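Residue-level structural notes
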Amino acid sequence: MLAPTNTIRDVSRALPALVSGPKIEVPVSTGLLDALANELRERHASLHPVIDRAGHALAEAMKRHDPEETADPQGEGAGALEQAESYFKDSRAELQRLRKACVELGASPSHRVFTALRNLDELYVSIIAIMQEVRWSVLIFDGVRDRADSPAGRTFATSSEWIASLHGDE
């Protein structure tokens, strides 16, 4: 029953490709702020259903996981989640760059471009939070499971011993 594991891995790998689009150009004049606001609103409208479905699929995969099985046997799901998180964090940084450019152009704080930027940023924040929650759930679940399956508890005298054990240098 690796279906939840495969769902986590596949959704995480596919999501950045599904939501990627052409780079949003920085406006060079205040006359282009309305066009930027429209572009950001359209992007939000097109991405929201995709990101929402992906978030629900990830959360559902964790709910359906059989506690008797390892959640992420090869670590592919956690790795894919981490890469997707990174993509959305980079996307948020791009939005911050656009916000800064709009401020430098002298856009009014009440201009609708700032609402559009905030809405898209909040969408990215939500999927990052879901991915982090699922990734940490997988890692914690597998860590607890590994500990339960371990024949003896392990203790470490120093932090360097613990770090060495993580890298298999013990």
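Let me sum up the structure you'll find in this document. (Residues numbered from 1 in each chain as written. Predicted model: local features only at pLDDT ≥ 70, side-chain atom pairs only at ≥ 80, totals over all residues. Heavy atoms only, no water.)

Before going further, it helps to spend a moment on the overall build of the protein chain. Scanning the protein chain from terminus to terminus reveals five helices and zero strands. Across the protein chain, helices and strands are ordered from the amino to the carboxyl terminus as α-α-α-α-α. Counting across all 170 residues of the protein chain, residues that qualify as buried make up 34%. Summarising the internal contacts of the protein chain: among those between residues at least 6 apart in sequence, 84% fall at separations of at least 24. Carbon and sulfur atoms form 54% of the exposed surface of the protein chain, whose accessible area is close to 10100 Å². (Helix = DSSP H or I, 4+ residues; strand = E, 2+ residues; numbered from the N terminus. Buried < 20%, exposed > 50% of the residue type's maximum accessible area, 1.4 Å probe, protein only. Contact = heavy atoms within 4.5 Å. Areas by Shrake-Rupley, 256 points an atom, 1.4 Å probe, with all protein chains shown as cover.)

By size, the foremost hydrophobic cluster in this structure holds 33 residues, and its most contacted members are Leu15, Leu40, Ile51, Phe88, Val113 and Met131. When residues of this core are assigned to their parent elements, the largest contribution, twelve residues, is made by helix H4 (residues 112–149). Excluding residues within four positions of it along the chain, Val113 makes contact with Leu33, Leu36, Ala37, Leu40 and Cys102. (Core = buried A, V, L, I, M, F, W, Y, C linked by side-chain atoms within 4.5 Å.)

Moving on, we come to the side chain of Arg135. Structurally, Arg135 can be placed in helix H4. Of note is the side chain of Arg135, whose polar atom sits 2.8 Å from the side chain of Glu85. (Polar contact = N/O pair within 3.5 Å; in protein donor to acceptor, adjacent residues only side chain to side chain.)

Another aspect to go through is the packing of helix H1 (residues 3–19) against helix H2 (residues 33–64). Where H1 contacts H2, the two axes come as close as 9 Å, and the packing angle between them is 165 degrees. In this view, H1 runs roughly antiparallel relative to H2, as classed from their interaxial angle. Between H1 and H2 the crossing geometry is left-handed. Of H2, the residues touching H1 (which contributes Ala3, Pro4, Thr7, Ile8, Val11, Ser12, Leu15, Leu18 and Val19) are Leu47, Val50, Ile51, Ala54, Ala57, Leu58, Ala61, Met62 and Arg64. Its residues assigned to classes, the contact of H1 with H2 shows 15 nonpolar, two polar and one charged. (Axes fitted to C-alpha atoms, helices over the stretch in contact; angles between N-to-C directions. Parallel < 35°, antiparallel > 145°, perpendicular 65-115°, else oblique. Left-handed = near helix turned anticlockwise from the far one by under 90°. Nonpolar A, V, L, I, M, F, W, Y, C, P; charged D, E, K, R; others polar.)

Turning to the pattern of salt bridges, a few remarks are in order. Applying the stated criterion across every chain, the model contains eight salt bridges. In this structure, Arg9 engages Glu76 in a salt bridge whose closest nitrogen and oxygen atoms are separated by 3.2 Å. Within this pair, whereas Arg9 is found in helix H1, its partner Glu76 is found in helix H3 (residues 76–105), the two being separated by 67 residues in sequence. The class of Arg9 is buried, set by a relative accessible area of 17%. Arg97 serves as the salt-bridge partner of Glu94, at 2.3 Å between the closest nitrogen and oxygen. (Salt bridge = Lys/Arg side-chain N within 4 Å of Asp/Glu carboxyl O.)

As a further point, take H1. With 17 residues, H1 should reach 24 Å at 1.5 Å per residue; the first-to-last C-alpha distance of 23 Å fits that figure. Of all the residues in H1, the buried ones are Pro4, Thr5, Ile8, Arg9, Val11, Ser12, Leu15, Pro16 and Val19. (Expected span 1.5 Å × (residues − 1).)

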